[in-house]
Amino acid sequence: MSGLFITFEGLDGSGKSTQLKRVAADLERRGVAHVVTREPGGTPFADLLRELFLRREAAQVDGVVELMLVFASRRQHLIEVIEPAVAAGAVVLCDRFTDSTYAYQGGGRGVPQGVIAEADRLATGCRAPDRTLFFELSPEEAQRRRREGAADRIDRESLAFYRRVHEAYGRRIAAEPERFRVIAATASIDDVARAVEAELSDLLRPLSQAAGA
Ligand code: TMP
């Protein structure tokens, strides 16, 4: 049986990574084979690209250069980790994927959608996740939360940048409503976790049953 590819998306500070870990812990308890990974990164080589991508020295990097870095990382990640795991029947929980590129390089940096779509065709064959959870948080609230944590190169971007990122996510969701599930990220961590469980239960329940949990 083929596995599942589930992605977690949202503004920096939306709490998606915390929720991803909770889903992973739940799958672990139920004995469901799963892989936790993230982008950019997810393989030794892609992690090197991630490090470059997030360094402050990369501040002057152009949007298309960013695009090429994230798709280089993504292709290697897909070939080396995601597709083999899905083919082996595992649930892949991935923190960010191509929607982030449309949001950050497209919305944030202004790279045209058509250019992103072409790069996506080349790098992934336009591979889409089976489901994408979007953790909805206003750009203002996300900025407030980011101020409380350690900031990387992108975290330091302006509120105007994050507003464009947020709008671009909105366009992705409107274009593919069947793939996305929008979760209000303002609720408590436990309430958000309950919403996540509800939005994944149709996909995950059969796998839990197959695992005997
Ligand atoms: P993270 O902090 O959620 O791990 O993500 C790292 C940063 O990389 C985050 O600010 C979003 C950014 N990013 C892009 O700009 N484009 C992409 O395609 C991806 C996957 C992430």
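Q: Please give an account of the layout of surface pockets that cites residues and values.
A: Quantified by volume, the largest pocket comes out at close to 750 Å³. If you go around the largest pocket, you meet 33 residues; those closest to its centre are D12, K16, S17, R50 and R96. Of all the secondary structure elements, the ones that give two or more residues to the lining of the largest pocket are α1 (16–30), β2 (34–38), α2 (44–54), α3 (63–87), α4 (98–108) and α6 (139–147). The dominant element in the lining of the largest pocket, judged by the number of residues it contributes, is α1, at five residues. For the lining of the largest pocket, the per-class residue count stands at 10 nonpolar, 10 polar and 13 charged. Of the pockets and cavities examined, the second largest pocket occupies roughly 360 Å³. Surrounding the second largest pocket, 17 residues form its lining, V23, D26, R30, A193 and E197 being those nearest its centre.

Q: Mind laying out the packing of aromatic side chains, listing which residues take part and the relevant values?
A: Inspection of every chain in the model, using the stated rule, returns six aromatic pairs. A centroid spacing of 6.2 Å and a plane angle of 55° characterise the contact between Y104 and F161, whose relative ring orientation is tilted. With Y104 in helix α4 and F161 in helix α7 (residues 159–175), the pair connects residues that are 57 residues apart, well separated along the chain. There is no split in this pair, since Y104 and F161 are both buried. Put simply, the rings of Y104, F161 and Y162 pair up and form one aromatic cluster. Directly above the aromatic system of F71 lies the positively charged group of R74, at a separation of 4.8 Å from the ring centroid. A cation over a ring is seen here: R172 above Y102, with NZ or CZ 3.8 Å from the ring centre.

Q: Hey, could you go over the environment of G106 for me, with residue numbers and the actual values?
A: For G106, the position within the fold is in helix α4. Look at G106 and you get buried, because its relative accessible area is 16%.

Q: Tell me about the site of the ligand, residues and numbers included.
A: Lining the immediate surroundings of the ligand are 15 residues, of which K16, R50, R96, T101 and Q105 lie closest. With respect to the ligand, the side chain of Q105 contributes an N or O atom lying 2.8 Å from a nitrogen atom. Because more than half of its atoms lie within 2 Å of the grid, the ligand is assigned to the largest pocket. Among the elements of the structure, α2, α3 and α4 are those that each provide at least two residues to the shell around the ligand. In terms of residues, the shell around the ligand owes the most to one element, α4, which gives four residues.

Q: Describe the sheet that holds strand β1 (residues 4–10), naming the residues involved and giving the relevant values.
A: Taken in spatial order, the five strands line up as β2-β3-β1-β4-β5 in an open sheet, and their pairing is parallel. Since the sheet does not close on itself, it has two edges, and those belong to β2 and β5 (180–184), each with one partner. When the angles between neighbouring strand axes are averaged without regard to direction, this sheet yields 20°. In this structure, β1 lies alongside strand β4 (residues 131–136), joined through five bridges in parallel fashion. Within β4, the position partnered with I6 by the bridge is R131.

Q: Now, about the packing of α3 against α4: what can you tell me, with residues and values included?
A: At a minimum axis separation of 11 Å, α3 and α4 run at an interaxial angle of 175°. On the basis of the axis angle, α3 is roughly antiparallel to α4. When α3 is examined against α4, the residues G63, E66, L67, V70, F71 and R74 are found in contact with a partner set consisting of T98, T101 and Q105. Partitioning the contact of α3 with α4 into residue classes produces three nonpolar, four polar and two charged.

Q: Summarise the pattern of salt bridges; cite the residues concerned and give the values.
A: Within the structure shown, the criterion is met by 21 salt bridges. A salt bridge links D95 to K16; the shortest N-O distance between them is 2.7 Å. Residue D95 is located in strand β3 (residues 91–95), and its partner K16 is located in helix α1; the two are separated by 79 residues in the primary sequence. You'll find D95 and K16 in the same group, each marked buried. The closest approach of N and O atoms between E141 and R144, which form a salt bridge, is 2.8 Å. With E141 and R144 both in helix α6, this residue pair falls three residues apart, about one helical turn. Within the structure, one salt-bridge network assembled from shared partners comprises D99, R172, E176 and R179.

Reading guide: rules and limits
- Residues numbered from 1 in each chain as written.
- Predicted model: local features only at pLDDT ≥ 70, side-chain atom pairs only at ≥ 80, totals over all residues.
- Heavy atoms only, no water.
- 1 Å grid on protein atoms, 1.4 Å probe; cavity = no way out; pocket = protein on both sides within 12 Å on 5 of 7 lines; lining within 4 Å.
- Points joined across faces, edges and corners; volume = space filled by probe spheres on them.
- Helix = DSSP H or I, 4+ residues; strand = E, 2+ residues; numbered from the N terminus.
- Nonpolar A, V, L, I, M, F, W, Y, C, P; charged D, E, K, R; others polar.
- Phe/Tyr/Trp six-rings, centres within 6.5 Å; stacked < 30°, edge-to-face > 60°.
- Buried < 20%, exposed > 50% of the residue type's maximum accessible area, 1.4 Å probe, protein only.
- Lys NZ or Arg CZ within 6 Å of the ring centre and 35° of its normal.
- Near = heavy atom within 4 Å.
- Polar contact = N/O pair within 3.5 Å; in protein donor to acceptor, adjacent residues only side chain to side chain.
- Sits in = over half its atoms within 2 Å of the grid points.
- Pairing = 2+ DSSP bridges.
- Axes fitted to C-alpha atoms, helices over the stretch in contact; angles between N-to-C directions.
- Parallel < 35°, antiparallel > 145°, perpendicular 65-115°, else oblique.
- Contact = heavy atoms within 4.5 Å.
- Salt bridge = Lys/Arg side-chain N within 4 Å of Asp/Glu carboxyl O.

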